[in-house]
Amino acid sequence: MIAFKPQTLLLPALLALSLSACQTTSPTAAGDGSVSYGDAKAVETVTTDLGSTDIQMIAEKMTQSLLQTPEVQTAIKKRQLLMASPVQNKTSEYFDTRLITDTILTQLQKNGVKYVIGGEDMQNQVDELRRQNQSGLYKKSKSAKVGNMEGAKYRLDGSISSIVKKGSTVKDVYYKMNLRLIEIETGIVEWSDEKEIRKSAKR
Amino acid sequence: MKKIAMTAALGLALLGTPFILQAAEGGSIASKVEELGKMTHLKVSDMRAVKRDGLLRIQVTIANSSSDKQQLYYRFRWLDDDGFTVWEEEPWKPELIHGLQKKVISVVSPSFKATDFRLEMQSPENEGAPFSGNNAPGGITNQ
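About the thresholds
Residues numbered from 1 in each chain as written. Chains lettered and ligands numbered in written order. Predicted model: local features only at pLDDT ≥ 70, side-chain atom pairs only at ≥ 80, totals over all residues. Heavy atoms only, no water. Helix = DSSP H or I, 4+ residues; strand = E, 2+ residues; numbered from the N terminus. Buried < 20%, exposed > 50% of the residue type's maximum accessible area, 1.4 Å probe, protein only. Contact = heavy atoms within 4.5 Å. Salt bridge = Lys/Arg side-chain N within 4 Å of Asp/Glu carboxyl O.

Enquirer: So what exactly am I meant to see when it comes to the overall build of chain A here?
Expert: In terms of regular secondary structure, chain A is built from five helices and seven strands. Sequence-ordered secondary structure for chain A, helices as α and strands as β, is α-β-α-α-β-β-α-β-α-β-β-β. Out of the 203 residues in chain A, the part that is buried amounts to 36%. If you take every contact in chain A between residues at least 6 apart in sequence, the share linking residues at least 24 apart comes to 66%.

Right, here's the structure in full:
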């Protein structure tokens, strides 16, 4: 007869218990483990192309800079409106520049800045106003009136450019984003700022 | 006692008087800095904060004691008086610090609600890197 010491039995029992605990408590669906979630705020250095970290850094710098300007602080107090014009992408890459302006507007809005829609979003707004006023389906007293939209006092405008240099062993990319706050009525640039980013990679 | 001094310093910051946190003063910089792993070459040598126009302004000097350049990753966490976060998680920001350089980082709080902060710092030679992709030494650098 083989006698087991209590300690030798305890370890496998504990292991089995911990493994079964992992299988039952993990809130994941079945998968082979090849897909995982990463940190959306992590520094992304997969290639030298403009990436999430660059977009986030540009938007953050511009928001911080904008919040300090007297025009924006007055706009918050007096409920003056902002809008964003499409930022020109002058780099050699394709990316949606609204990624930058949407983040800036969202972060400003969290601080009390009011902004109006424009550009691509305008069609949906016009469609809804027409539906409420021209379809004959809505009560007059409960529908949004035409002719009451408010125009912005300021607009954000800017561009992003890049210089790419390639040596035999190194690739260097320099990005520069320029953003301006323009008073629409006068065309005066009330504020402008730049963000520079340099990325290099060994080839 | 240290807590009282810190509260007084923050009180001064709220009044618009800048306060300076120094390493010698009972580790008051240490109370604001969270290092992800012990950093051997990079150190916060000076830290100042002031509340101006309702926004908290921070200036941090990072000193590199190595003669080689060092990659730093950092971000701020913005808090209110009660220690609650008042802003979403900031993205990690890369900063290249040349050999023996003292680099000044100036930031402004992204929200009027921020009255306190923490600085999270990491240098790739330590554990717990917040970066993804090919960022090992000799890989892509981002400045």
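The structure having been displayed, the exposition proceeds.
Enquirer: How do you make sense of the overall build of chain B when you look at a structure like this?
Expert: Scanning chain B from terminus to terminus reveals one helix and ten strands. From first element to last, N terminus to C terminus, chain B shows the α and β order α-β-β-β-β-β-β-β-β-β-β. When the 143 residues of chain B are sorted by exposure, 49% land in the buried category. Taking the contacts inside chain B whose residues are at least 6 apart along the sequence as the reference set, 69% of them involve residues at least 24 apart.

Enquirer: How do you make sense of the pattern of salt bridges when you look at a structure like this?
Expert: Side chains that differ in charge, positive against negative, can pair when their charged atoms come close. Per the counting criterion, the structure on display carries 24 salt bridges over all chains. Residues arginine 98 of chain A and glutamate 120 of chain A are paired through a salt bridge, measuring 3.3 Å at the closest nitrogen-oxygen approach. Taken as a pair, arginine 98 of chain A in helix α4 (residues 98-109) and glutamate 120 of chain A in the loop between β4 (114-115) and α5 (122-134) lie far apart in primary sequence, 22 residues in all. Overall, the relative accessible area of 23% leaves arginine 98 of chain A in the partly exposed class. Overall, the relative accessible area of 63% leaves glutamate 120 of chain A in the exposed class. Sharing partners across several salt bridges, the network here consists of Glu34, Arg75, Arg77, Glu89 and Glu120 of chain B.

Everything listed is a geometric property; what it means functionally is a separate question.
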